[in-house]
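# Summary of the model geometry
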Amino acid sequence: MNDLSSTSAPVRQRKPDWIRVKAPTSAGFAATRELMRSKSLTTVCEEAACPNIGECWSKKHATVMILGDTCTRACAFCNVKTGMPRAVDAMEPQNVADAAAQMGLAHIVITSVDRDDLPDGGAAQFVKVIQAIRRSNPTTTIEILTPDFRNKAQAAVEAIIEARPDVYNHNLETVPRLYPTIRPGARYYASLRLLESVKRHDPSIFTKSGVMLGLGEQRLEIHQVMDDMRSADIDFLTMGQYLQPTPRHAKVAEFVTPKAFDAYAGIARAKGFMLVASSPLTRSSYHAGDDFAKLRATRDAKLGVTRTVPAGSGVSA
């Protein structure tokens, strides 16, 4: 006689009140979803099961994920599906630019899956998307969130820098000790060097990186990551709570309190970051447009620059 109780599905941990969000139901949410579908675009908001999707899509903000919806890696924290990706869509750059124009975006965030199958890791598609947006929407500021371009980073990053995005984001995700289990296909110091190389090639581009908390990291390990980021001259740090997408993914080791996130933010600011976003629901591109405006205003104040055109609101996920 079989004992079925031993094969029951694992139960996901109950989330604390401070990170519960309402289900998306607004007309704005539906309109954003329809636009993404009509342009055959993928968003990280959906693929990564972002908890802020209801808020962002209701404001017609979405982070576009280029190069398809299938990743060549299988990180323990990520909900994006893994497998052999489809061929690169030649119409994607113009479709992204058209969507940005239709949504009237002042700031747009472009990210992608890992494409280890491509000779350049997908860097050329980032360049084409940036160029298409510049042609169609010359006043829109552009933030990119790239993979690490494993074994191709130097040439890939140089090509993207030549296209001049306004913000270059690449997430370290977690502390070095946890890379073998959480981000096994990547290398911590390679990611740091990638961000450092952006500043070395073009100091005018803002650099940004983020980490997830609640994976089992220790407080002093997070402090060391902050120091490493500042050594690489990273301008903007984001910190958010890791949430387990499915029972198959890495478990949440701890739900970090809002008070602890505030304390980390204070430490990060003291270490010299130009901007810090730290809260349980913070994600890489959450309130990205508003944050870009703050970054630019901070640098302008240091340089004594006065702008006649105020920065607009942005796109987030």
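One numbering rule holds for all chains: residues counted from 1, following each sequence as written. With pLDDT at 70 or above as the cut-off, local features in this predicted model cover only qualifying residues; side-chain atom pairs require 80 or more to be listed or tallied, and sums for whole chains, interfaces and linings still use all residues. Working from all heavy atoms in the structure, the side-chain values ignore hydrogens and water.

## Quick look at the nonpolar core
Spelled out, the test is: Among the buried residues, those of types Ala, Val, Leu, Ile, Met, Phe, Trp, Tyr and Cys that are joined through side-chain atoms within 4.5 Å form a nonpolar core. Think of it in three bands: residues with accessible area under 20% of the maximum for their type are buried, residues over 50% are exposed, and the middle band is partly exposed, with areas taken using a 1.4 Å probe on protein chains only. The contact criterion used is simple: two residues touch if any of their non-hydrogen atoms lie within 4.5 Å.
In this structure, Ile-110, Phe-149, Ile-160, Tyr-168 and Met-239 are the most contacted members of the largest nonpolar core, which totals 67 residues. Leaving out residues up to four positions away in the same chain, Ile-160 has contacts with Ala-123, Phe-126, Val-127, Ile-130, Ile-144, Thr-146, Phe-149, Pro-165 and Tyr-168. Residues Val-167, Phe-206, Ala-277 and Phe-292 belong to the second largest nonpolar core, which totals seven residues.

## With respect to the pairing of strand E9 (residues 236–241)
Here is the rule we go by: Labels follow the DSSP assignment, with helices taken as runs of H or I lasting at least four residues and strands as runs of E lasting at least two, numbered in each case from the N terminus. When DSSP finds two or more bridges between two strands, those strands count as paired. Handedness is read with the strands pointing away from the viewer; a crossover is right-handed when the path from the first strand over the helix to the second is clockwise.
Counting buried positions along E9 yields six of six residues, so the element is predominantly enclosed. Side chains of E9 alternate between two faces, with Phe-236, Thr-238 and Gly-240 and Leu-237, Met-239 and Gln-241 buried alike. As defined by bridge partners, strand E8 (residues 206–213) adjoins E9 across six bridges and the pair is classed as parallel. The residue bridging Lys-208 from the neighbouring strand is Phe-236, located in E9. One crossover worth recording links E8 to the parallel E9 by way of helix H9 (residues 219–231), and it is right-handed. The pairing of E9 with strand E10 (residues 275–278) spans four bridges and is classified as parallel.

## Topic: the pattern of salt bridges
Selection criterion: In what follows, salt bridge is the name for a side-chain nitrogen of Lys or Arg lying within 4 Å of a carboxyl oxygen of Asp or Glu.
All told, the structure shown has 14 salt bridges when counted by the stated rule. A salt bridge links Arg-86 to Asp-69; its shortest N-O distance comes to 3.6 Å. With Arg-86 in the loop between strand E4 (81–82) and helix H4 (92–103) and Asp-69 in the loop between strand E2 (64–66) and strand E3 (70–71), this pair connects stretches of sequence that are 17 residues apart. Residue classification places Asp-69 among the buried positions, given a relative accessible area of 15%.

## Brief notes about the packing of aromatic side chains
Rules: Note on ring pairs: Phe, Tyr and Trp rings are taken, using the six-membered ring of Trp, and paired if centres are within 6.5 Å. Classes follow the plane angle, with under 30 degrees stacked, over 60 edge-to-face and the rest tilted. Think of it as a cone above the ring: NZ of Lys or CZ of Arg counts as a charge over the ring if it is within 6 Å of the ring centre and within 35 degrees of the ring normal.
Counted according to the given criterion, the structure contains four aromatic pairs. With a centroid separation of 5.7 Å and an interplanar angle of 90°, the aromatic rings of Tyr-179 and Tyr-188 are classed as edge-to-face. Owing to a relative accessible area of 4%, Tyr-179 belongs among the buried residues under this scheme. Considering the side-chain rings of Phe-206 and Phe-292, the 6.0 Å spacing of their centres and the 85° angle between planes classify their relative orientation as edge-to-face. Of this pair, Phe-206 sits in strand E8 while Phe-292 sits in helix H11 (residues 288–303); the two residues are 86 residues apart in sequence, bridging distant segments of the chain. Neither Phe-206 nor Phe-292 differs from the other in exposure class; each is buried. Here the aromatic cluster, defined as three or more aromatic residues joined through ring pairs, consists of Tyr-179, Tyr-188 and Tyr-189. Just above the ring of Phe-273 sits the side chain of Arg-230; from NZ or CZ to the centre is 5.4 Å.

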